[in-house]
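Each chain is listed here by its residues.
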Amino acid sequence: AAKGGGRGQFRFYSSELHESAEKRRRLEEDLRDALINDQIRLNYQPIVSTTTDTVIGVEALMRWNHPEFGDVSPAVFIPIAEETSLIIALGEWALRQACSDAMTWPGNIRVAVNVSPAQFAHANFIASVTQALAQSGITPERLEIELTESIFVNDDETTEQNFAALKRLGVRLALDDFGTGYSSLGYLKKAPFDKIKIDKGFIRDVTVPGSRNPAIITAIVSLAKALDMVTTAEGIEARDELALMRELGVDQIQGYIYSPARPVAEVSEALASGAWVIEPKGPAKQRAERRTV
Ligand code: C2E
Ligand code: MG
Ligand code: MG
Ligand code: MG
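Just so it is clear, the model here is predicted, and its values are computed rather than measured. (Residues numbered from 1 in each chain as written. Chains lettered and ligands numbered in written order. Predicted model: local features only at pLDDT ≥ 70, side-chain atom pairs only at ≥ 80, totals over all residues. Heavy atoms only, no water.)

A. Broad picture of empty space enclosed by the protein. This structure, assessed with the given rule, holds one cavity of 30 Å³ or more. Looking at the largest cavity, its volume works out to about 50 Å³. Taken together, F152, D155, T159, E160, F163 and K190 form the lining of the largest cavity. The biggest single contributor to the lining of the largest cavity is helix α6 (residues 157-169), with three residues. When its residues are assigned to classes, the lining of the largest cavity shows two nonpolar, one polar and three charged. (1 Å grid on protein atoms, 1.4 Å probe; cavity = no way out; pocket = protein on both sides within 12 Å on 5 of 7 lines; lining within 4 Å. Points joined across faces, edges and corners; volume = space filled by probe spheres on them. Helix = DSSP H or I, 4+ residues; strand = E, 2+ residues; numbered from the N terminus. Nonpolar A, V, L, I, M, F, W, Y, C, P; charged D, E, K, R; others polar.)

B. Summary view of the coordination of the magnesium ion (ligand 2). At 2.0 to 2.2 Å from the magnesium ion (ligand 2) lie its protein donor atoms, namely E59 (OE), N114 (OD1), E146 (OE) and D176 (OD). Sequence positions of the residues that donate to the magnesium ion (ligand 2) give the spacing E-x54-N-x31-E-x29-D. The exposure class of D176 is buried, given its relative accessible area of 5%. (Donors = N, O, S within 2.8 Å, 3.2 Å for Na, K, Ca; no water. Buried < 20%, exposed > 50% of the residue type's maximum accessible area, 1.4 Å probe, protein only.)

C. Layout of the environment of I80. Residue placement: I80 occurs in helix α2 (residues 74-84). Among the residues examined, I80 registers a relative accessible area of 3% and is labelled buried. Between the C-alpha atoms of I80 and A127, which are 47 residues apart in sequence, the distance is 24 Å. If near-sequence neighbours (up to four positions away) are discounted, I80 is found in contact with R24, L27, E28 and L31. (Contact = heavy atoms within 4.5 Å.)

D. Structural view of the coordination of the magnesium ion (ligand 4). The magnesium ion (ligand 4) binds to the protein through D176 (OD), D177 (OD) and E234 (OE); the donor distances cover 2.0 to 2.3 Å. Each donor residue of the magnesium ion (ligand 4) belongs to the same chain, with the gaps between them written as D-D-x56-E. Between the magnesium ion (ligand 4) and the magnesium ion (ligand 2), both coordinated by D176, there is a metal-metal distance of 4.1 Å. Of the two residues, D177 is situated in strand β6 (residues 172-178) and E234 in strand β8 (residues 230-234); the sequence distance between them amounts to 57 residues. Look at D177 and you get partly exposed, because its relative accessible area is 25%. Note on E234: relative accessible area 9%, which makes it buried.

E. Just unusual backbone geometry, in detail. In this structure, S85 takes a positive phi of about 65° despite not being glycine. With respect to the element layout, S85 can be found in the loop between α2 and α3 (86-103). For S85, a relative accessible area of 48% puts it in the partly exposed group.

Structural data, given as structure tokens:
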């Protein structure tokens, strides 16, 4: 809360700004050595089929445990990594780690890895995917690469060549956060995606009477079916949302209703024993106070 009047208030905001700029600088500096210092981990979140009610894959989500600041959100450190090109090393590491983790899991479980636009555009990208597959020995179709529409900002020959190369390798491609960017349907024509991930922005308020989100999700599902792609809804937290996703024909569910991303040891154990908890555990209805955050 801002205390005092004019000048005091200015000082207050100014020191807070200074602190956040300082923190940003510290994070950037410390991120350079975070991999070497063993502060970076991959956690995995289950993706559950609405037809079989079983876990069909997991998404790798990067975690940074900073010695001073504790857990730093990827929403904070991934943008820093992207601005500083540290994303290349982090992204290559994530590909290798996720593939080698997947090698220890049952053979039908897929692993999804997020790839930033800068990593996708980097000259070494296809080689790093090839290497991660070769070193781990997983079959290519178990690896799913998640890309956002922002990769098309620099739409050039590299983009096209990368898609062709990835298809030749046999890995799967998912279009992440669908509906948050420009959502040009031209992207879907050009790029051979196997999956559309419906952004959690469409899930918030989806069960509120009068919401337009169910109609939008229906349209996305029908578009996906026509183009031979599957759909995953992200951010499902409540039972009424899960029921609605089934009704709308969404193929897969990812969300806290099943599980948040969990450490690899827990995930490996659950998958090995076939005991991954897939009972939905969320509240019956999405609560208003959760919807507004
Ligand atoms: P994303 O790829 O869209 O990942 C899904 C995000 O939604 C994750 O956030 C996940 O924890 C969160 N989530 C899943 N279920 C629910 C739910 O029911 N409710 C809510 N509120 N959230 C849910 P997270 O782990 O914080 O990651 C944020 C973003 O950071 C990711 O969004 C992705 O864009 C980026 N990111 C994470 N790991 C990597 C990585 O290894 N490489 C790259 N390039 N980006 C990554
Ligand atoms: Mg993702
Ligand atoms: Mg994303
Ligand atoms: Mg997403």
